[in-house]
Amino acid sequence: MYKYETHLHTSESSACASSTGAEMARAHKERGYDGIFVTDHFFNSSTTVPQDLPWEQRIDLYCKGYENAREEGAKIGLAVFFGVEWTINGADLLIYNKDKQWLKDNEYLLMNARETELFDEVRKTGGFIVQAHPFREADYIPHISLYPHHVDAVEAVNLRNSKPLFGGSAVWNDRARAYAESYGLPQTGGSDVHSVGEIAGGGVLTPEPIRSPEDYLRMILNGSVKLLNNERRT
Ligand SMILES: [Zn+2]
Ligand SMILES: [Zn+2]
């Protein structure tokens, strides 16, 4: 089996993260991962990117953590893929299989359109969406918002949800699993890791290597992805 982190932040672009893309790449390689998806917070959440710059420049800054991770990954033999964690009404959506140019070309969709218009367009144009930790409760989440008909899968194991360290509760993952089952949605796992010190073995195992995000989607849909679940329930 191959091991991947699917939900990861870098300090270049996520204001709440404290390790750089290169540090994250090295630390995940050391912990036996075959690859990582860098999913920094978009501008509707905890971002380091100033609001008052031209759009293209903002996107260039947004992609820095990913690019630094990818550069390091190429040196050390770790696959690094791009993703986006996009936030609306307290819901966090992981968008995969899009790239920097697509973000540059879609300011209106990303910033002004109705969220379901964005989700539909992402999915119509080769991207896919996983709703992250749908039942997390936190100060930054005003209410639980679910998008069962606009996502491809549900993050049913989020390590950050379950750790006493983060004030999380394992029942949030239990609810996410029940929700996914109720709607017949596939389930994924991710750590939502924000620093090298937090790496605790979350993510997914796959029977084949992931060479592109499409490979990951195919394995999500055919049920061959295993969720790494080492939640601590204390
Ligand atoms: Zn964060
Ligand atoms: Zn996250």
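Each value, and the rule that gives it
- Residues numbered from 1 in each chain as written.
- Chains lettered and ligands numbered in written order.
- Predicted model: local features only at pLDDT ≥ 70, side-chain atom pairs only at ≥ 80, totals over all residues.
- Helix = DSSP H or I, 4+ residues; strand = E, 2+ residues; numbered from the N terminus.
- Buried ≥ 20, exposed ≤ 12 C-beta atoms within 10 Å, placed from the backbone.
- Contact = placed C-beta atoms within 7 Å.
- Arc of directions from axis to C-beta.
- Pairing = 2+ DSSP bridges.
- Axes fitted to C-alpha atoms, helices over the stretch in contact; angles between N-to-C directions.

*Asks:* Just give me the short version of the environment of Asp215, but keep the residues and values in it.
*Replies:* Its place among the elements puts Asp215 in helix H9 (residues 213–221). C-beta crowding within 10 Å serves as the criterion here: with 14 such atoms nearby, Asp215 is assigned to the partly exposed category. When sequence neighbours within four positions are dropped, the list of residues in contact with Asp215 reads Glu208 and Ile210.

*Asks:* Describe H9, and please don't skip the residues or the numbers.
*Replies:* Structurally, the α-helix is built with 3.6 residues per turn, so residues lying three or four positions apart point the same way. Among the residues making up H9, those that are buried are Pro213, Tyr216, Leu217, Met219 and Ile220. Down the axis of H9, the buried side of the element spans an arc of 165 degrees, and every buried residue falls inside it. Buried positions along H9 lie against strand E3 (79–88), strand E4 (91–96), strand E5 (128–132), strand E6 (153–158), strand E7 (187–190) and strand E8 (203–206). One or two residues past the end of H9 sits Gly223, with phi positive at roughly 75 degrees.

*Asks:* Before we move on, could you go through the sheet that holds strand E1 (residues 2–8) and cite the residues and values that matter?
*Replies:* Backbone hydrogen bonds hold the strands of a sheet together, and the pairing may be parallel or antiparallel. Ordered by their spatial adjacency, nine strands build an open sheet running E7-E6-E5-E4-E3-E2-E1-E8-E9, and the pairing between neighbours is mixed. Each edge of the open sheet carries a strand with a single partner, namely E7 and strand E9 (226–228). When the angles between neighbouring strand axes are averaged without regard to direction, this sheet yields 30 degrees. In this structure, E1 lies alongside strand E2 (residues 35–41), joined through three bridges in parallel fashion. Bridge assignment links Leu8 to a residue of E2, and that residue is Val38. Strand contacts of helix H8 (residues 170–183): E6 and E7, with the helix running at about 155 degrees to E6, the strand carrying the most contacts.

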